[in-house]
Every structure is written in C-alpha cells, then in structure tokens.
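Observations on the model geometry
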Protein chains: 4
Amino acid sequence: MTTRKELYNSVDQLTVSKYAEVRFNEVDSLGIVWHGHYIVFFEDGREAFGREHGLDYLTVKAAGYTTPIVSSSCAHKLPLRYGESFRIETSFVNTPAAKLIFRYKLFNEDNRLVCSGETVQVFLDAENQLVLNTPAFVLNWKKAKGLL
Amino acid sequence: MTTRKELYNSVDQLTVSKYAEVRFNEVDSLGIVWHGHYIVFFEDGREAFGREHGLDYLTVKAAGYTTPIVSSSCAHKLPLRYGESFRIETSFVNTPAAKLIFRYKLFNEDNRLVCSGETVQVFLDAENQLVLNTPAFVLNWKKAKGLL
Amino acid sequence: MTTRKELYNSVDQLTVSKYAEVRFNEVDSLGIVWHGHYIVFFEDGREAFGREHGLDYLTVKAAGYTTPIVSSSCAHKLPLRYGESFRIETSFVNTPAAKLIFRYKLFNEDNRLVCSGETVQVFLDAENQLVLNTPAFVLNWKKAKGLL
Amino acid sequence: MTTRKELYNSVDQLTVSKYAEVRFNEVDSLGIVWHGHYIVFFEDGREAFGREHGLDYLTVKAAGYTTPIVSSSCAHKLPLRYGESFRIETSFVNTPAAKLIFRYKLFNEDNRLVCSGETVQVFLDAENQLVLNTPAFVLNWKKAKGLL
C-alpha cells in the first residue's frame with residue numbers, strides 16, 4: 001500500500017462514518033471478533049458511503065455496471081470484544097484508473113485504531129466485460145463532488 | 001413435528017450422510033458451534049443429497065423452478081466443539097403436497113445425536129408464482145425412486 | 001408452536017423493535033436474503049431486547065450462567081431484497097419453565113410480515129450443568145417487569 | 001507482496017491442497033462467490049495444513065499460545081460460481097520473524113488461478129502478550145521439517 005499512498009490521495013471530505021456494535025455471533029472462541037468479519041464491516045462502511053454519496057450498488061446497477069472486488073487487505077491493530085461499539089470510517093480514494101478504491105479505518109470506543117484496510121473494485125459492463133475507462137456516470141459523479 | 005411424523009414418513013433408503021469438521025470460525029465465545037451455523041450444515045446435507053440423488057439446485061433450476069425455504073427448525077441436543085468431526089444425515093420426506101421436505105440429524109464422533117431439524121421448500125415457477133401441484137420433473141424423480 | 005401458544009403468552013409490553021437494512025452479502029443468487037441469515041436477525045433482535053431490558057448476554061454471564069439456544073424455528077412469508085429496510089420485533093414469552101423463550105416477527109417497509117420465529121434457551125451454571133429452576137436473577141428481573 | 005517475495009520464500013514441499021465445492025449460501029446476487037468468503041477458504045486451507053503438518057490450532061493452544069491474524073490480503077483473478085469445485089493450495093512461508101505466514105492460491109476445475117492471498121499471524125502468550133521471539137515449539141517444528 002506504500003506505493004499507492006504516493007500515487008493517490010484519499011479524499012478527506014469524502015469520508016463516511018458508520019457506527020456498529022459487536023454481535024455475539026461475530027466473536028470467536030478467543031473472545032475477539034473473528035478476523036474474517038472485518039470484510040463484512042468494510043462492506044457495511046462502503047454501503048453507508050454509497051448511500052450517503054449516491055454511489056451505491058443500485059445506482060451502479062442502474063447505470064449498467066457491476067463492480068466486483070478485485071483485491072482487499074486488512075491490517076489488525078487491536079481486537080474488538082463482545083459488548084463493544086465501533087466506528088467504521090470509509091474514505092473514497094480518487095484514482096485516475098477505471099477502479100473504485102476505498103480505504104477503511106475502524107476505531108473502538110476509545111477512538112483507538114482497531115484495523116485499517118483497502119478494497120479495489122473494477123467495472124464490468126452488461127456483458128461482464130472489464131471496462132478500461134472510467135464510466136461516464138462515475139466521471140459525472142466525480143465532477144459533482146469536485147474531484148475532477 | 002409430531003403431526004407430520006404421522007402423516008409423512010421419511011424414506012429410510014433416501015438418506016445421505018455427509019461428513020464435516022468444525023471450523024474455527026464456526027465456534028463462538030463459549031467454545032461451541034454457534035447455533036446459526038446448523039442451518040448451513042443442513043444446507044450442506046441437502047446439497048449432498050441433491051447431488052447424490054439428482055435433485056440438486058441446478059437440476060431444479062434447469063426444470064424452470066426455484067425452491068425457496070419456507071420454514072426451518074432445529075433442536076439442539078449436544079454441543080459441537082472445535083476439532084470435532086460430525087456427520088450430517090439428510091432424509092427425504094415423501095409428502096403428497098407440492099413441497100420438498102427434508103429432515104436432518106447431526107451425529108458427533110461418538111455417534112451421539114447433536115441436533116435434529118427440518119426444512120420445507122415450496123416450488124416457484126419462472127414467474128416467481130407459487131406452484132400448487134408437484135412439478136412433473138419431481139413426480140418423475142419420485143417414480144424413479146420408487147416413491148410413487 | 002400451537003400448544004405453546006395456549007400455555008404461554010408473549011408479553012405485549014415486553015416487545016422491542018430494531019431496524020436494519022439488507023446487506024449485499026446477505027442476498028443469495030435468487031436476489032433474496034438467504035434463509036439462514038434470519039437466525040442472525042433473530043439474535044440481533046434478542047440482543048436489542050436484552051440491552052433495552054437488562055437481560056443481555058453480559059448480565060447473564062455476570063450472574064454465572066450461559067443460555068445456549070436449544071431450539072429455533074423460522075417460518076418465511078415474504079422475501080427481503082437488497083436495498084430494503086426491515087424491522088425485527090422481539091417479544092419475551094413468559095414461561096414458568098427454567099427457559100428463556102423469545103418470539104420474533106420481521107416486517108418489511110410496507111409493514112407486511114416477512115417471517116416469524118421462536119428461540120428457546122436453557123440455563124447452564126458455571127459447571128455447564130443444566131439448571132432445572134429459573135435462576136434468582138431472572139425471577140428478580142421478572143418481578144421488576146411485573147411478570148411474577 | 002513483492003518485497004516479501006524477495007525476503008522470504010514459500011516452501012514448496014510445505015504446501016497442502018484441500019478440495020471444496022461452492023455452497024449455495026456462498027454465492028451473491030451476481031451469481032459469484034461473495035469476496036468475503038475467501039477469507040473462510042483461506043482458513044480452511046490453513047487448518048488443513050495445520051492438521052497435516054502438526055501445526056494446528058489445538059497444538060498451538062496446548063503449547064500455551066494463540067496466533068491471531070494481524071494482516072490478510074486477497075487478490076481476485078476469476079470468479080467461482082455455484083456448482084464449481086475448487087482447490088485451496090496453502091503454503092508455509094519460512095520467515096525468521098516471530099510470525100506465521102501462509103500464502104494461498106485457489107484454483108478452479110480447469111486449474112486456472114481464482115485468487116491468491118496471504119495471512120500473517122503473531123504469537124501471543126498465555127497473558128495475551130506479544131511474543132518477540134519464535135516460540136520453542138515452532139523452532140522444533142521447523143527443525144523437524146528441515147527449515148532450520
């Protein structure tokens with residue numbers, strides 16, 4: 001992620017926070033949230049971002065595209081335990097590539113970093129073909145958000 | 001389930017066993033398999049049954065139907081812990097209704113009953129309409145299995 | 001559930017509603033919420049009930065007990081799709097037995113019933129032994145709620 | 001992962017293959033396995049490796065340690081669909097650090113690469129403190145495997 005950090009900048013004003021509570025069924029036998037659930041939390045954050053900023057799954061679908069995840073990563077700093085609340089911070093990363101990049105930071109109730117991560121999505125058209133140029137509806141969205 | 005037991009009989013020869021191991025991520029903070037995962041195990045058993053007896057999801061789909069679950073139940077007798085293997089026994093219940101009924105029994109390594117359950121599925125046609133009579137492909141399947 | 005309905009009454013004033021949105025990862029290839037996720041929704045409702053009424057997992061644990069699920073059932077009436085919100089209504093069922101019984105009803109945005117279900121939990125003491133009489137902390141809780 | 005590739009080498013002879021089938025409940029509304037399930041597949045692979053090579057969760061626990069995941073990544077190349085079988089290839093990466101590093105490759109029935117990924121685990125002692133030197137039981141295990 002170091003090279004990406006130099007190329008692209010996450011857009012501070014395009015950050016959405018979502019609050020959640022640890023569910024009993026998310027905690028493993030060590031008493032901490034099982035690591036795989038963070039991918040769900042990232043999706044929760046991404047969906048909250050999409051709904052707030054008009055870039056949600058149904059908008060993408062209506063434009064004739066799907067945006068499968070092509071890569072994801074997660075670095076864990078602190079565990080979450082049952083009964084804890086946490087905040088998912090989702091930031092849009094403005095890239096010239098035909099991709100959607102989101103960065104995630106989870107914070108516990110003491111505002112300490114629980115984990116950080118990133119997902120990359122590509123655009124497939126109605127024929128499931130990879131789109132090499134950023135679709136018009138995304139360019140328009142970026143203009144409206146002051147990113148172009 | 002007592003009344004059903006009188007009306008319908010599970011077909012002993014139409015029982016398929018599938019073996020599995022408890023995954024780390026299936027165990028909760030009490031050290032036992034979280035109860036909701038048994039619904040997944042039932043589906044694993046049902047899919048194993050379908051593949052062995054030609055009544056799998058893709059066969060149903062090719063015939064033009066979907067078979068959503070309309071009810072499910074599970075009674076837990078013993079816990080499963082990490083490191084344990086278990087057997088899922090899935091039995092077809094022969095009903096005159098336009099439904100697919102399966103009963104499940106899970107057994108641990110000592111062959112003791114872990115849980116039992118049941119799912120009921122209905123048939124929807126290509127227009128997502130409920131089908132009131134058992135579809136022909138199921139009647140043919142039942143004949144081939146000696147159930148009609 | 002018919003016999004239980006005669007013996008026990010769900011306590012109308014002890015009903016808690018929780019609102020949620022269908023996640024992308026909860027929807028199956030038929031475009032509807034996969035049936036197994038409703039067990040998670042029931043747990044979400046039960047935990048919301050516990051937090052609001054002081055009968056949550058951590059309170060139970062502090063009293064020296066665990067309350068594993070011994071049976072669960074779910075009857076599906078309508079599907080939920082991606083983008084839909086829903087309400088989980090969780091009701092405490094007052095039983096003289098040493099059990100915790102909850103009933104659940106899920107409603108979609110049109111306030112139509114999506115599914116109903118029930119879970120039964122027993123009490124295990126610190127030695128994981130089944131408790132035959134309702135623990136004192138539950139009796140006190142019932143008194144405080146006007147159920148005894 | 002490029003820099004790690006130079007520092008550490010995955011050990012070819014320490015690679016374990018596990019075969020699995022796509023479950024209905026793992027497929028999303030686009031008809032492909034939801035990306036978050038690959039973290040489960042990686043765990044399935046890691047557990048198969050541990051059982052075959054004596055480095056499983058219960059062995060680690062018996063030695064007085066836990067090994068939480070501190071980072072994970074996944075790069076998706078091809079989708080998996082319902083009805084497909086796949087192979088999870090899990091390789092041990094021999095590092096001098098007090099960590100367990102595994103690399104994963106998933107292959108479809110045509111032996112084409114579906115995804116690759118990596119997880120990193122650290123060692124916590126019985127007091128949940130980070131262990132800075134590789135525990136003796138792991139050094140002994142490495143010697144027995146010809147890695148030291």
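Reading guide: rules and limits
- Residues numbered from 1 in each chain as written.
- Chains lettered and ligands numbered in written order.
- Predicted model: local features only at pLDDT ≥ 70, side-chain atom pairs only at ≥ 80, totals over all residues.
- Heavy atoms only, no water.
- Helix = DSSP H or I, 4+ residues; strand = E, 2+ residues; numbered from the N terminus.
- Rg over C-alpha atoms; globule rule 2.2 N^0.38 Å.
- Buried < 20%, exposed > 50% of the residue type's maximum accessible area, 1.4 Å probe, protein only.
- Contact = heavy atoms within 4.5 Å.
- Lys, Arg positive; Asp, Glu negative; His and termini not counted.
- Charge placed at Lys NZ, Arg CZ, Asp CG, Glu CD.
- Least-squares fit on C-alpha atoms with pLDDT ≥ 70 in both.
- Salt bridge = Lys/Arg side-chain N within 4 Å of Asp/Glu carboxyl O.
- Buried area = accessible area lost by both parts, 1.4 Å probe.
- Polar contact = N/O pair within 3.5 Å; in protein donor to acceptor, adjacent residues only side chain to side chain.
- Nonpolar A, V, L, I, M, F, W, Y, C, P; charged D, E, K, R; others polar.
- Phe/Tyr/Trp six-rings, centres within 6.5 Å; stacked < 30°, edge-to-face > 60°.
- pLDDT = per-residue confidence, 0-100.
- Core = buried A, V, L, I, M, F, W, Y, C linked by side-chain atoms within 4.5 Å.
- Expected span 1.5 Å × (residues − 1).

Quick notes on the overall build of chain A
For chain A, the count of helices and strands is 4 helices and 5 strands. For chain A, the N- to C-terminal ordering of α and β elements is α-β-α-α-β-β-β-β-α. In terms of overall dimensions, chain A is globule-like: its C-alpha atoms have a radius of gyration of 16 Å, near the 15 Å expected for 148 residues. The principal-axis extent of the C-alpha atoms belonging to chain A is close to 45 × 30 × 25 Å. Considering chain A as a whole, with its 148 residues, one finds that 57% of them fall into the buried category. If you take every contact in chain A between residues at least 6 apart in sequence, the share linking residues at least 24 apart comes to 69%. The positive charge centre, built from 17 side chains, and the negative charge centre, built from 17, are 5 Å apart in chain A.

What to know about the relation of the copies chain D and chain C
By a simple turn and slide, chain D fits onto chain C: the slide is 0.0 Å along the axis, the RMSD is 0.0 Å, and the turn is 180°. Put plainly, the chains are arranged around a two-fold axis. Residue Ser29 of chain D of chain D places its C-alpha closer to the rotation axis than any other residue of that unit, at 2.1 Å. Comparing interface residues between copies, 100% of those in chain D also lie at the interface in chain C; the contact surface is shared.

Details of the pattern of salt bridges
Tallied over the full model, the rule gives 24 salt bridges over all chains. In this structure, the salt-bridge partner of Arg23 of chain A is Glu26 of chain A, at a minimum N-O distance of 3.9 Å. An identical accessibility class is assigned to Arg23 of chain A and Glu26 of chain A; each is buried. Here Arg23 of chain D and Asp44 of chain B are joined by a salt bridge, their closest N and O atoms 2.5 Å apart. Here Arg23 of chain D, found in the loop between strand E1 (9-21) and helix H2 (37-53), pairs with Asp44 of chain B, found in helix H2 (residues 37-53), and the two come from separate chains. Pair check on accessibility: Arg23 of chain D and Asp44 of chain B agree, each one buried.

As for the relation of the copies chain A and chain D
Each copy superposes on the other: chain A lies on chain D with an RMSD of 0.0 Å after a rotation of 180° and an axial shift of 0.0 Å. In this assembly, 100% of the residues forming the interface of chain A have copies in chain D that are likewise at the interface, indicating an isologous arrangement.

Quick notes on the interface of chain D and chain C
Counting from both sides, the interface comprises 8 residues of chain D and, opposite them, 8 residues of chain C. Here chain D and chain C share an interface that buries about 730 Å² over both sides, 71% of which is from carbon and sulfur atoms. Considering only the surface of chain D that becomes buried against chain C, Phe24, Ser29 and Trp34 of chain D emerge as the three largest contributors, covering 60% of it. At the boundary of chain D and chain C, one finds 0 salt bridges. Taken together, chain D and chain C are joined by 0 residue pairs in polar contact (both at pLDDT 80 or more). Its residues placed into classes, the side of chain D that touches chain C shows 4 nonpolar, 3 polar and 1 charged.

Some words on the packing of aromatic side chains
Tallied over the entire structure, the rule returns 56 aromatic pairs over all chains. Arranged with centres 6.2 Å apart and planes meeting at 10°, the rings of Phe49 of chain B and Phe92 of chain B form a pair that is stacked. Note that Phe49 of chain B is positioned in helix H2 and Phe92 of chain B in strand E3 (residues 85-94), a separation of 43 residues in sequence. Each member of the aromatic cluster is reached from another via a ring pair, and the members are Phe49, Phe92, Phe102 and Trp141 of chain A.

Observations regarding the interface of chain A and chain D
Across the contact, 19 residues belong to chain A and 19 residues belong to chain D. Where chain A abuts chain D, roughly 1,700 Å² becomes buried across the two surfaces, and 60% of that area is made up of carbon and sulfur atoms. At the junction of chain A and chain D, the tally comes to 0 salt bridges. Seen at the junction of chain A and chain D, the total is 7 residue pairs in polar contact (both at pLDDT 80 or more). Sorting the residues of the side of chain A that touches chain D by element identifies helix H2 (37-53) and strand E2 (69-76) of chain A as the ones contributing at least two each. When its residues are assigned to classes, the side of chain A that touches chain D shows 9 nonpolar, 8 polar and 2 charged.

With respect to the confidence of the model for chain A
All names here are of chain A. Averaged over every residue, the pLDDT of chain A is 92; residues scoring 70 or more account for 92%. Low confidence marks residues 1-6, where pLDDT is under 50. Its contacts with residues over four positions away, or in another chain, come to 7 contacts. Two summary scores accompany this predicted model of the complex, namely pTM at 0.92 and ipTM at 0.91.

Considerations on the nonpolar core
Of all hydrophobic cores here, the largest spans 71 residues; its most connected members are Tyr38, Phe92 and Leu106 of chain B together with Tyr38, Phe92 and Leu106 of chain C. Once you skip the residues sitting within four places of it in the chain, Leu106 of chain C turns out to touch Tyr38, Phe41, Phe42, Leu80, Phe86, Arg87, Ile88, Arg112, Leu113, Val114 and Cys115 of chain C. Core analysis: the next-biggest nonpolar cluster, separate from the first, contains 70 residues, Phe24 and Phe92 of chain A, Trp34 of chain B together with Trp141 of chain D among them.

Some remarks on H2 of chain B
Residues and elements named next belong to chain B. End to end, H2 covers 24 Å across 17 residues, agreeing with the expected 24 Å (1.5 Å per residue, within 8%). Most of H2 sits inside the fold, with 15 of its 17 residues counted as buried. Within two residues after H2, Gly54 carries a phi angle of roughly 70°, on the positive side.

Side note on the side chain of Thr134 of chain C
Residues and elements named next belong to chain C. Relative to the assigned elements, Thr134 resides in the loop between strand E5 (113-122) and helix H4 (136-144). Under the relative-accessibility criterion, Thr134 is labelled buried at 14%. Polar side-chain contacts of Thr134 include one of 3.4 Å to the backbone oxygen of Ala97. With sequence-adjacent residues up to four places away left out, Thr134 is seen in contact with Pro96, Ala97, Ala98 and Leu139.

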